[in-house]
Amino acid sequence: MSVEMSKPVPRPGILDIAAYVPGKEHAPGVARVYKLSSNETPLGASPKAIEAFREAAGHLERYPDGQAIELREAIAAVHGLNPANIMCGNGSDELLGLLCHVYLSPGDEGIITEHGFLVYKIQIMGAGATPVVVKETDHTVDVDAILAAVTDKTKIVFIANPGNPTGTYIPVSEVRRLQAGLPKHVVLVLDAAYAEYVRRNDYESGIEVVSSNANVVMTRTFSKVYGLAALRVGWIYAPAEIIDALNRVRGPFNMNTPAIAAGAAAIRDQAFVQEATSFNQMWIEKVTGALETIGLKVTPSVTNFVLIHFPDVDGKRAADADDFLTSRGYILRAVRSYGFPNSLRMSIGPEEANRGVIEALGEFMGRPA
Ligand SMILES: *Cc1c(COP(=O)(O)O)cnc(C)c1O
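What you see is a predicted model, and the numbers here were worked out from it, not measured in a lab. (Residues numbered from 1 in each chain as written. Predicted model: local features only at pLDDT ≥ 70, side-chain atom pairs only at ≥ 80, totals over all residues. Heavy atoms only, no water.)

**Side note on the UniProt feature "modified residue: N6-(pyridoxal phosphate)lysine" (unreviewed entry) in the protein chain**
Then comes step 1: According to UniProt, the feature "modified residue: N6-(pyridoxal phosphate)lysine" (unreviewed entry) maps to Lys224 in the numbering used here.
Then comes step 2: Along the polypeptide, Lys224 turns up in the loop between strand E7 (216–221) and strand E8 (234–237).
Then comes step 3: For Lys224, a relative accessible area of 13% gives the class buried.
Then comes step 4: In this view, Lys224 contacts Ser38, Asn39, Thr41, Ala193, Tyr194 and Tyr197; residues no more than four positions away in its chain are not counted.
Then comes step 5: Within the structure, the side chain of Lys224 is placed 3.0 Å from the side chain of Tyr194, a separation counted as a polar contact. (UniProt positions renumbered as here; feature names shortened; annotations may be inferred. Helix = DSSP H or I, 4+ residues; strand = E, 2+ residues; numbered from the N terminus. Buried < 20%, exposed > 50% of the residue type's maximum accessible area, 1.4 Å probe, protein only. Contact = heavy atoms within 4.5 Å. Polar contact = N/O pair within 3.5 Å; in protein donor to acceptor, adjacent residues only side chain to side chain.)

Set out below in structure tokens:
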């Protein structure tokens, strides 16, 4: 194909990708704004992580450690893993992209679920492959639907467990059933971005499933409970052969020094994580209960956010609620692009924001909480 073009032309499929649109940040004209649209923690980062970040500022002329050894060893120590099976990334987003880059060719298929994280679709298409979307049941990943969608072109399956924006999860027994039903050459990606928040006995982030299978990987992030979203720190736990393949294509210095230092300090401070998850647990229950009392439907969540469903009634739809809340300084996430045209996702924020949203939605619904 040596047809001459008048300008550079992207690979087929690239211009079909709808670029990711992050959560809103601004509420014009409102003095006090609470951003509850990106599942960020209201508690910030561990003071120890902030201190490590500051110290790293003293030597910005040096290249980072291309192996991110300090961070990988800290992660390995906390989770009881072999550091050789861990690779770090510039946010887990980078790792999701590398997986597609390495395991997908044009013509291949990647399976994602109806309300799955949009980054999966973007990265599958970015690799020239075809996203195959399967239905969820009750806003929850449906293992049978995934298995039914497998073809001889399937090379990768992405699930977020727990899911975003749904906040639901599948138990480890279901994850194992999914693995057992997939062909051995299909990579099963378990995105456990919210694992720290889950308090369910039948949940497992993926560590055990990865350890006992050659085709399963787990991705994790420091952007949520660890409060380091600005630094872009993620990691993957995977079989040695997968780590080896990913290591060949990643940027040689994909992790910057302040991110490595702050990440390592953050994960060593598990007391801070305990505090953050306890705070979250209390508020996820209070917010869910209060919104139900107001008359709104809420998908039961094991994470740090809730998916709120609005009545299909003029003036009471999600878009109306979004405007109403924004005018009061509460920014939630519209989730139309995730297949929820009449819902909003609310991240658990500081106490005054949680109370404020409950009060405002009570007023909006005409049923004070
Ligand atoms: C927030 C989030 C991530 C984290 O992405 P980073 O690139 O690590 O910030 C990954 N997956 C899901 C489902 C998320 O919601």
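Once you've had a look at it, read on.
**What about unusual backbone geometry?**
Most peptide bonds take the trans form, and the phi angle of most residues other than glycine is negative.
Then comes step 1: Between Asn161 and Pro162 the backbone carries a cis peptide bond, its omega angle lying at 0°.
Then comes step 2: Counting through the fold element by element, Pro162 comes out in the loop between strand E5 (154–160) and helix H6 (172–181).
Then comes step 3: Here Asp138, not a glycine, exhibits a phi torsion of approximately 50°, which is positive.
Then comes step 4: Here Asp138 shows up in the loop between strand E4 (130–134) and helix H5 (143–149).
Then comes step 5: Even without glycine at this site, His139 takes up a positive phi of about 60°.

**As for helix H3 (residues 92–103)**
Then comes step 1: The end-to-end C-alpha distance of H3, which contains 12 residues, comes to 17 Å, matching closely the 16 Å that a straight helix rising 1.5 Å per residue would cover.
Then comes step 2: Inspection of H3 places Ser92, Leu95, Leu96, Gly97, Leu98, Leu99 and Cys100 among the buried residues, and these make up the whole buried set. (Expected span 1.5 Å × (residues − 1).)

**Focus: the sheet that holds strand E12 (residues 333–334)**
Then comes step 1: The antiparallel open sheet is built from four strands, whose spatial order is E9-E10-E13-E12. Two strands bound the open sheet, and with one partner strand each, they are strand E9 (297–299) and E12.
Then comes step 2: Where E12 and strand E13 (residues 343–347) come together, two bridges link them in antiparallel fashion. What sits directly across from Arg333, in E13, is Arg345.
Then comes step 3: Strands in contact with helix H11 (residues 318–327) are E12 and E13; relative to E13, the strand with the most contacts, it is inclined by about 40°. (Pairing = 2+ DSSP bridges. Axes fitted to C-alpha atoms, helices over the stretch in contact; angles between N-to-C directions.)

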